[in-house]
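The primary structure of each chain is shown beneath.
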Amino acid sequence: MTYDSTEIETRWQARWRDAGVFEAKVDDSRPKFYCLEMFPYPSGSMHMGHVRNYSIGDAMARFHRLMGKNVLYPMGYDSFGMPAENAAKKEGGHPHFVTHRNISSIRADQERMGYSYDWSRTLTTSDADYYKWNQEIFLKFNERGLVERRFAPVNWCNDCDTVLANEQVKNNRCWRCGLEVVQKDMAQWFLKMTNYADELLDELDNIAFPENVKAMQRNWIGRSHGAHIDFKVADSEAVIGAFTTRPDTIFGVTFVTLSPEHPLCEELVAGTEYEAGWRALAKECAKLSEFERINMLKEKKGVPLGRFAINPLNGEEVPIYAGNFVVVSYGTGAVMAVPGHDQRDYDFAQKYGIAVKPVLCRSEGGKGIEENPVFDGLGWMVNSSRPDFDGLFGNEAKAAVISVLEAEGSGHGTIQYRLKDWLLSRQRFWGTPIPMVHCEDCGVIPVNSVDLPIELPLDVTFSEDQSGNPLASHPDFISTTCPQCNGSARRETDTMDTFYDSSWYFMRFADAGNESAPFDRAAVDYWLEDGVDLYIGGIEHAVMHLLYARFFTKATRDEGMNQVSEPFGTLVCQGMLNAPAPFCSNCNTEYHIENFDKECPGCGIPLGSRSAKMSKSLGNTVAPGEMIEKFGADTVRLFILFGANPEAGMDWSDNAVLANHKQVLAIIDAIDTGLNFGKSPSEIDNWLLARLRVHHTAWQAAMDSVSLREGVMISHFEMLTDWQWYLRRGGANAATVREYFTYWIPMLAPATPHIAEEFWQRLGEDNLLAQLVISNLAPFEEDSVILALESYLRDFIDSARNIKGLAERHTEGAVTKCIVQTAAPWKVSLAVNALELSDENFDFKKQGQEYLKSLPISENQQLRGEIFQMWMALTAGSKKKRGRILTWTPPQKSLILSGFVEADFITINSQFIADTIGVESIIAYPVGEGKDVAGKARVAFPLEPGIAFI
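First things first, this report covers the structure right here in the doc. These figures come from a predicted structure and were not determined experimentally.

## Focus: the packing of aromatic side chains
Consideration 1: Tallied over the full model, the rule gives 49 aromatic pairs.
Consideration 2: Summarising the aromatic geometry, the rings of Trp380 and Phe393 are spaced 4.4 Å apart at their centres and angled 40 degrees between planes, so their arrangement reads as tilted. Pair noted here: Trp380 is in strand β15 (residues 380-381) and Phe393 is in the loop between β15 and α12 (394-407), with a separation of 13 residues, a long-range link.
Consideration 3: With centroids separated by 6.2 Å and ring planes inclined at 45 degrees, the aromatic side chains of Trp422 and Tyr500 adopt a geometry described as tilted. Of this pair, Trp422 sits in strand β17 (residues 422-423) while Tyr500 sits in the loop between β23 (495-496) and α14 (505-508), and the two are 78 residues apart along the sequence.
Consideration 4: With a relative accessible area of 0%, Tyr500 lands in the buried category.
Consideration 5: An aromatic cluster of three or more residues is present, and its members are Phe141, Tyr196, Trp422, Phe499, Tyr500, Tyr548, Phe551 and Phe552.
Consideration 6: The ring of Phe477 has Arg491 lying over it, and the distance from NZ or CZ to the ring centre is 5.7 Å.

## Observations regarding the sheet that holds strand β22 (residues 488-491)
Each strand in a sheet pairs with its neighbour through backbone hydrogen bonds, running either in the same direction (parallel) or in the opposite one (antiparallel).
Consideration 1: Spatial strand order, β20-β19-β22-β21: 4 strands in an open sheet with antiparallel pairing. With partners counted over all chains shown, the strands left at the sheet margins are β20 (443-446) and β21 (479-481), one partner each. Sheet twist, expressed as the average angle between the axes of neighbouring strands with direction ignored, equals 45 degrees.
Consideration 2: Sheet topology note: the strand β19 (residues 436-439)/β22 ladder contains 2 bridges and is antiparallel. Looking at the pairing, Val437 lines up with Arg491 of β22.

## Points about the side chain of Asn311
Consideration 1: Mapping Asn311 onto the fold places it in the loop between β11 (302-310) and β12 (317-323).
Consideration 2: Not counting chain neighbours up to four residues away, the residues in contact with Asn311 comprise Phe231, Ile250, Phe251, Val253 and Glu316.

## Considering the pairing of strand β13 (residues 334-337)
Consideration 1: Of the two faces of β13, the one carrying Ala334 and Met336 and the one carrying Val335 and Ala337 are both buried.
Consideration 2: Bridge count for strand β10 (residues 255-258) against β13 is 4 bridges, and the pairing is antiparallel. Its bridge partner being in β13, Thr257 is matched across the sheet by Val335.

## Regarding the packing of helix α19 (residues 654-674) against helix α22 (residues 734-748)
Consideration 1: Taken N-terminus to C-terminus, the directions of α19 and α22 make an angle of 150 degrees; their axes are 11 Å apart at the nearest point. In terms of orientation, α19 lies roughly antiparallel with respect to α22. Handedness of the α19/α22 crossing: left-handed. In contact with Ile667, Ala670, Ile671 and Gly674 of α19, α22 contributes Val737, Phe741, Trp744, Ile745 and Leu748.
Consideration 2: Here the residues of the contact of α19 with α22 sort into 8 nonpolar, 1 polar and no charged.

## Observations regarding the pattern of salt bridges
Consideration 1: Using the criterion set out here, one finds 42 salt bridges in the structure.
Consideration 2: For Lys140, the salt bridge identified is with Glu136, shortest N-O distance 4.0 Å. Here Lys140 and its partner Glu136 are both found in helix α5 (residues 128-143), 4 residues apart, which amounts to about one turn of the helix.
Consideration 3: Taking the shortest distance from any N to any O, the salt bridge between Asp345 and Arg344 comes out at 3.7 Å.
Consideration 4: Accessibility expressed as a relative area gives 30% for Arg344, which makes it partly exposed.
Consideration 5: Taken together, the shared-partner salt bridges in this structure form one network comprising Glu199, Arg550, Lys554, Arg557, Asp558 and Glu566.

## Examining the sheet that holds strand β2 (residues 70-72)
Consideration 1: Spatially, β2-β1-β24-β25 is the arrangement adopted by the 4 strands of the open sheet, whose pairing is parallel. Two strands lie at the open edges of the sheet, namely β2 and β25 (568-573), each paired on one side alone. Strand-to-strand twist across the sheet, computed as the mean angle between neighbouring axes with direction ignored, equals 20 degrees.
Consideration 2: Across the sheet, helix α16 (residues 544-558) touches β24 (532-537) and β25, and the angle it forms with β25 is around 175 degrees.

## Let's talk about the side chain of Glu9
Consideration 1: When you line up the elements, Glu9 lands in helix α1 (residues 5-19).
Consideration 2: A polar contact of 3.1 Å, which involves the side chain of Glu9, links it to the backbone nitrogen of Asp634.
Consideration 3: Sequence-distant contacts of Glu9, defined by excluding residues within four places in its chain, comprise Tyr3, Arg112, Gly632, Ala633, Asp634 and His754.

## Here's the deal with the pairing of strand β26 (residues 577-584)
Consideration 1: Here β26 lies mainly inside the structure; 7 of its 8 residues are buried.
Consideration 2: Where β26 and strand β29 (residues 650-651) come together, 2 bridges link them in parallel fashion. Paired with Asn578 across the bridge in β29 is Asp651.
Consideration 3: In terms of strand pairing, β26 meets strand β28 (residues 608-613) through 6 bridges, oriented antiparallel. Counted as the bridge partner of Phe583 is Gly608 from β28.
Consideration 4: Where β26 and strand β27 (residues 589-590) come together, 2 bridges link them in antiparallel fashion. In the strand pairing of β27, Phe583 is matched with Glu590.
Consideration 5: Count of turn residues in the β26/β27 antiparallel hairpin: 4 residues, of which Asn588 carries a positive phi of about 50 degrees.

Criteria and thresholds
- Residues numbered from 1 in each chain as written.
- Predicted model: local features only at pLDDT ≥ 70, side-chain atom pairs only at ≥ 80, totals over all residues.
- Heavy atoms only, no water.
- Phe/Tyr/Trp six-rings, centres within 6.5 Å; stacked < 30°, edge-to-face > 60°.
- Helix = DSSP H or I, 4+ residues; strand = E, 2+ residues; numbered from the N terminus.
- Buried < 20%, exposed > 50% of the residue type's maximum accessible area, 1.4 Å probe, protein only.
- Lys NZ or Arg CZ within 6 Å of the ring centre and 35° of its normal.
- Pairing = 2+ DSSP bridges.
- Axes fitted to C-alpha atoms, helices over the stretch in contact; angles between N-to-C directions.
- Contact = heavy atoms within 4.5 Å.
- Parallel < 35°, antiparallel > 145°, perpendicular 65-115°, else oblique.
- Left-handed = near helix turned anticlockwise from the far one by under 90°.
- Nonpolar A, V, L, I, M, F, W, Y, C, P; charged D, E, K, R; others polar.
- Salt bridge = Lys/Arg side-chain N within 4 Å of Asp/Glu carboxyl O.
- Polar contact = N/O pair within 3.5 Å; in protein donor to acceptor, adjacent residues only side chain to side chain.

Following this line, the structure appears as structure tokens:
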């Protein structure tokens, strides 16, 4: 067969498309399988990272179709976002047209790879027929009280006069103009995600996410049990509320720290000598993001506010500071500082000369002592300023402090969450318009559902010198009528965070053509029962996207739109695809590939190289189109799937791609050859079919567990290796070959579907392989014996080759004959006896020696030692003894021969062995005979049995 990959692949892709074989419908008679990759942002042509993600998903979708499941495998495009807006500014165009041009490009690449998507369900989040339902769901959430508008800090560039997303801020500077970014309070829209904090956290115990993903979500939600404690400000009516998880350390508080943005700060320092210091610190903190404040501060510092807070349990006055490490959005924006038992507080106290008061000890009855590093574990209370507290430990101590606080009205037990409400607003054009209007008389009013969608205008021209949100200056968009009073109103110009689009798209896929609702409940409940069965995407989405999607699913459930609680069943986070990039070890920085063989731009030393994630910024990407044109889509898919299991990282290698192409060609040649065989049965037929049954079972198990590398190793490598051995052993029977191919070809289909479909047709099958449901292949009882004997032959040949190589290194002449010393017949008899006894659950430990003594062979005094040694080896289970006898593996009735040669074995296989190891003849002698010949061997091995060459 001439392999024209382009012709074969495009022909079968057209056949699949015309037959609609991948279009899914609800079918209660079959188990469903919903396979989904995190849908892509359409930035242009598909890259190899995409190829890896989609090849994994497609292989699993095709496998489960073979298993008879009703497979839903859709594709769409997460097309809102800044990149399209930026591209439009460069081109002087509109994001809508940039986006659809890119979608056309990436979809063409996906179709060329032969991915088995149900294209009838495709969606684009930036199209009004999708984001209409974003707006509809928003209105439903608003009715349920899940939407709130309030002030919140944002990244603001004064020069560009616009809000910047976090990804637009680099080193605290605007990506466009380079000026420093400041924090600014603005009215923002929020979704009350915190209403679901407990369920989001607790349900992690019941879902099949990788443990590292669960840990990241638990940390992000951050549920903490503790106390809210009120510290009155001395000589003031003001009160500072602070949350702590360690109320048992209340008597060790020596200062209180406020966030510089805390509303009390200005009140406390106004008109005092401390005001300037506070303002300088607040200005400095305004240049940092919350993430930088929490995770990346190089120096923790603060300023005194000149006032004192009163400890509610002992009346002590402690100084109040503003500190850069306290953020206003976490907890209450205030921290009660206990330097005796918190390392950060201790370091701060040492820096500013604040007292340290240990109030816990490590052992009962001990004393509280100042330590560095501090003791921050649970301990026994000491140095308490009130009676009845000293001696209390851990949770009992915490509970006692909370009880007194509640009784005296100065605090209470509470639960705090790190999770915040979802800040939904974005002050940019290319996103879903928020369906609210501002009316001077009625306030902020939701749009009526019948007026949806609120569409983005297409008559906006973008340019690079443009600043702000174009919606804010578009009169036709802004001007509207109040839904409540019919008076003039102004439309909301904020758009939604693009994570909103991806938080429910998997439910829209279940009913993508629905024009009257976001989706039909019955369709979603069918396809998402137990969640998306396999969800594939990068670990970088472990928190934001996955958490938002889980929240959305629960919120729509409570709205009565579905009964699903968790959106995803099995989650696979695929590893990175890497390629070489220039690297500086001094700077620990990777550079663009144009810097290969150059010096580091940072420090000037010669650049080295290391493997790095493929990215456009490094230029180390590989265009799939080039590889497909050269080798075909099947080769690229095989390389991706065989290179590593899905979760593991893998390196790009041109040589590996070529090697996989050769493997594809070898498979083509094998099947091409086998289709021309006639009727010629032989013993090796049974071995080939036994191997098929073993491999088919192992392949199904590997694929079912998403161990794709192991699955492909079986289907594309081990099956071919077995075929080649079959040919070497003289196999050429058409009936055997047809049975082998009938199962082998479908096994090829998940990874290399085009050549599999081609050979399925050549096998004479009328139906498309893409529609086939395969049957299970159970091993036969005799398979283990058949396989063990052939395995022993191969092991024997391998050993013989090794010894022949050693013999050739010790002789000047050619090695032409092989002498084999075969085992004595009594050994065979004894081995068979042992195997039969094992089938009868014979107790070798208690009865073995008596049984051995009862055998006639035991009467031979000369062999007694050897008989006993052999018996011990036999009854030791599956241990192998080189140069000794067979091993056996209960409960299988099989001989796995190792260094144990039977005379009949040599007689049957002598010619094949001789041909394979490259000698003229095989000479076999029982042990103890033929010594005259063996003694003349140039290399002889005194193993029993042994192999010698002369």
